[in-house]
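Reading the structure
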Amino acid sequence: MDNIQKKTAAFLLCCAFTGLHGCAYYNTFYNTQKYFNEAKKMLEKQQETERLPSNVRNSFDKTVKQASRVLQFYPESKYIDDSVMIIGQSFFYMHDYHKAERKFDELLQNFPRSDYVPQTRLWLAKTHLKLKKYDQAEVEFKMIIEKERKKSLRTEARYWLAECYYVEKKYQQAETAYKAVVKKLKDRKLRRKAFLRLGEISQELQNYTAAAEFFRGAAESSKDINAQFAAMVLYGKAYIAAKDYAKASRIFFNLIDKYFSHKEIGQAKLELGRVQYALGNIDKALEWYQVIIDDHPRTEAAVGAFLELGLYEESVRFDYEKAQEYYTKGKTHSTKGEALKEITRRLVDIKQLIALKKKIVQINAQITAIIARENGADSTAGAEETVKKKVAGIDQNKARKGVQRPRKKKPEKKLTAADLDSLHSTLNDQKIALAELFLFQYNRADSAFVQYLDILSGQGGEDYRALAFYALAYIFDKYDHKMEMRDSLYQILATNYASTSQGRAAAKHLGLPVEDEILPADILRFQSLENRLLEKRLAKKNLRDLQQFIADFPNSELLPRALHAEGWTYETYLHNPDRAYEVYKELVDKYPKSAYAKDVRRRVRGVKDKKKAEENAKKKSENSAAAEESGKTKKKSAFKKFKSEELTPPRNKTKPRNSRKTKQDTKVDI
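Right, let's walk through the structure included here. (Residues numbered from 1 in each chain as written. Predicted model: local features only at pLDDT ≥ 70, side-chain atom pairs only at ≥ 80, totals over all residues. Heavy atoms only, no water.)

**Describing the environment of phenylalanine 215**
- Within the secondary structure layout, phenylalanine 215 lies in helix H11 (residues 208-220).
- Here phenylalanine 215 falls in the buried class, since its relative accessible area comes to 1%.
- The spacing of phenylalanine 215 and phenylalanine 195 is 20 residues in sequence and 6.3 Å in space, taken between C-alpha atoms.
- Excluding its chain neighbours within four sequence positions, the residues that come into contact with phenylalanine 215 are Leu196, Gly199, Glu200, Gln203, Ala231, Leu234, Tyr235 and Ala238. (Helix = DSSP H or I, 4+ residues; strand = E, 2+ residues; numbered from the N terminus. Buried < 20%, exposed > 50% of the residue type's maximum accessible area, 1.4 Å probe, protein only. Contact = heavy atoms within 4.5 Å.)

This is the structure in structure tokens:
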């Protein structure tokens, strides 16, 4: 029983004998205590979150207002220190730590002999911890541990000292402090939280079996079903991390059996599906994912199930369209959670991958068609004439039957052999983009390898071939660890592509002498930057360097290439299509004849057309709304006119409209 409760009990006993004579002011404090206890009960029922529910906040706010009346109207009351303490604690629970700090300081300064002083020192130290005054809080907790006589306060101070170490990421000190106090804590919430912290620290240190046992301790320390369930999920996940899938499977089966009606049971089923997948029971895992989607829609577990199905299609069956379908559906089932963030990221990548693959197929078809026309112009022309006749015949038949002929599309520019070089360059650009996506987003070095080999076996200039050889050497080095193959490729680059930046970089790797070329400053700067563009982790730094290059060399011939690289970085690595469009548009406007402008012109035009269509649709909608409003106004005006005419008596048709009244008429009217 705390000091406030003791005072309340004593006062009620006193009032029982005195008949409450002279104790009217107590009602105000009694209500304060009542509101405070009700607010704390409401808080205990809430799950621990950073954001305090509005009903709980309102209840504490009501407590503060009631306690303030004690201070205002009864300044000589013996319940002043009680009221200050309640106000300070209420502010703490409302996360208003600066106001709480002021109240606790006020109590210590104005009531140095109050029974609340030891308790207030602990509350003030906790407040300093919440205000991130870690050094000050640490000293205060240690002082309480050393000097406080009351064991319960010393024990709680030890817990909060451990918490202070934890938030400062002093994990070893925190672990020691939590272990020393966890079994001594009588407060179930603090004991559960101490076990959870120990589990989190063990996971951080990759000691997953120990983490699992701490999470089980957290579950056993609580009587709250939601807290138990959450801790048991962590218990099972720790064994998944330890790769003890059999133990994890038993935990989740028991969890589903015991908490089958729990609102978050879908999460346990999701983890069980993942365990089955890890055990190689693929069909069972897929069944569990489908069960979650069917039985627990609109939950984070459903999003997780769609994520797992998408990953299966993407990484096992390589059905990217199906994976995209799952990711798209998953986004509609929840608005929060880590699974949603992962789905959103993967959806961007997979859309780009599908678009690149389609683009490569399209360009290959165009190249094949041009070569076929050049090699067999006569037969192709004859075939085209036959097709035209068939189409004309079909159109005539449709016309006879009354079928409306479709509107003719604007004929596209017919590609010729003169366009082959440009098409091959564009094709190689797309293959490089696809290879880098496979390599850095999907960690699929084998698929990237195929794209680089295609570049080497196809048509391309020295720059493309050098880049492909260098990328293959990178794969052998980082993924396959075949140093002999890597060095062989470096040797090819250093010998046959010595004039390229990749050739010089390869020579340096091999320790060969590299001739110092006397190159312009812009070329030297750009070559050093270009070698880093493959590294996704350097995307932001590369972007800054590209922008600085553009600023430093405004007249360089390399500006189209730099702008293309800048837009590509925004589009591919930073997933900022709006900014990429702006850069590409600048490239097309300033350097319309460059090969890089040709590469992005269609994308720029597509975005322009889309924006124009959206603007037209908006204008059409606004015009429609305006017309509708105008129609309403006209109807309203017509209605008013009709009503006014209805209320006006009809004129005498036998009497001329402008005739003057006779004297007799006047007398009659009067």
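What follows continues from the structure just given.
**Things to note about a positive patch on the surface**
- The grouping of Lys151, Arg158, Lys184 and Lys186 at the surface amounts to a positive patch.
- Looking at the element boundaries, lysine 186 is found in the loop between helix H9 (171-181) and helix H10 (188-204). (Patch = residues over 30% accessible without salt bridge, like charges linked within 9 Å, V, L, I, M, F, W, Y side chains within 5 Å. Areas by Shrake-Rupley, 256 points an atom, 1.4 Å probe, with all protein chains shown as cover. Salt bridge = Lys/Arg side-chain N within 4 Å of Asp/Glu carboxyl O. Lys, Arg positive; Asp, Glu negative; His and termini not counted. Charge placed at Lys NZ, Arg CZ, Asp CG, Glu CD.)

**Structural notes on the nonpolar core**
- Counting 78 residues, the largest nonpolar core has Ile350, Tyr452 and Leu493 as its most contacted members.
- For this core, the element with the most residues is helix H18 (residues 338-375), which contributes 12 residues.
- Sequence-distant contacts of isoleucine 350, that is, excluding residues within four places in its chain, are made with Glu314, Tyr320, Ala323, Gln324, Tyr327 and Tyr442.
- Listed in part, the 52 residues of the second largest apolar core include Ala137, Leu196, Ala212 and Leu272. (Core = buried A, V, L, I, M, F, W, Y, C linked by side-chain atoms within 4.5 Å.)

**With respect to the side chain of serine 114**
- By secondary structure assignment, the location of serine 114 is in the loop between helix H5 (97-110) and helix H6 (117-130).
- Here aspartate 81 takes part through its side chain, which lies 2.8 Å from a polar atom of the side chain of serine 114.
- Every residue in contact with serine 114, bar those within four places of it in the chain, is listed here: Asp81 and Leu107. (Polar contact = N/O pair within 3.5 Å; in protein donor to acceptor, adjacent residues only side chain to side chain.)

**Observations regarding the pattern of salt bridges**
- Summed over the entire model, instances satisfying the criterion amount to 31 salt bridges.
- Arginine 274 is the partner of glutamate 308 in a salt bridge, and the nearest nitrogen-oxygen pair spans 2.8 Å. Of this pair, glutamate 308 sits in helix H16 (residues 300-315) while arginine 274 sits in helix H14 (residues 265-278), and the two are 34 residues apart along the sequence.
- Overall, glutamate 308 belongs to the buried group, its relative accessible area being 17%.
- Note that glutamate 325 is salt-bridged to lysine 322, the shortest N-O span being 3.6 Å. Of the two residues, glutamate 325 and lysine 322 are both situated in helix H17 (residues 320-330); the distance of 3 residues between them amounts to about one turn of the helix.

**Considering the environment of alanine 218**
- If you trace the backbone, alanine 218 turns up in helix H11.
- On the basis of relative accessible area, alanine 218 is assigned to the buried category, the value being 0%.
- Spatially, the C-alpha atoms of alanine 218 and arginine 197 are 9.3 Å apart, while their sequence positions differ by 21 residues.
- Residues in contact with alanine 218, not counting those within four places in the same chain, are Arg192, Phe195, Leu196 and Ala231.

Any functional reading would require information that these geometric values do not contain.
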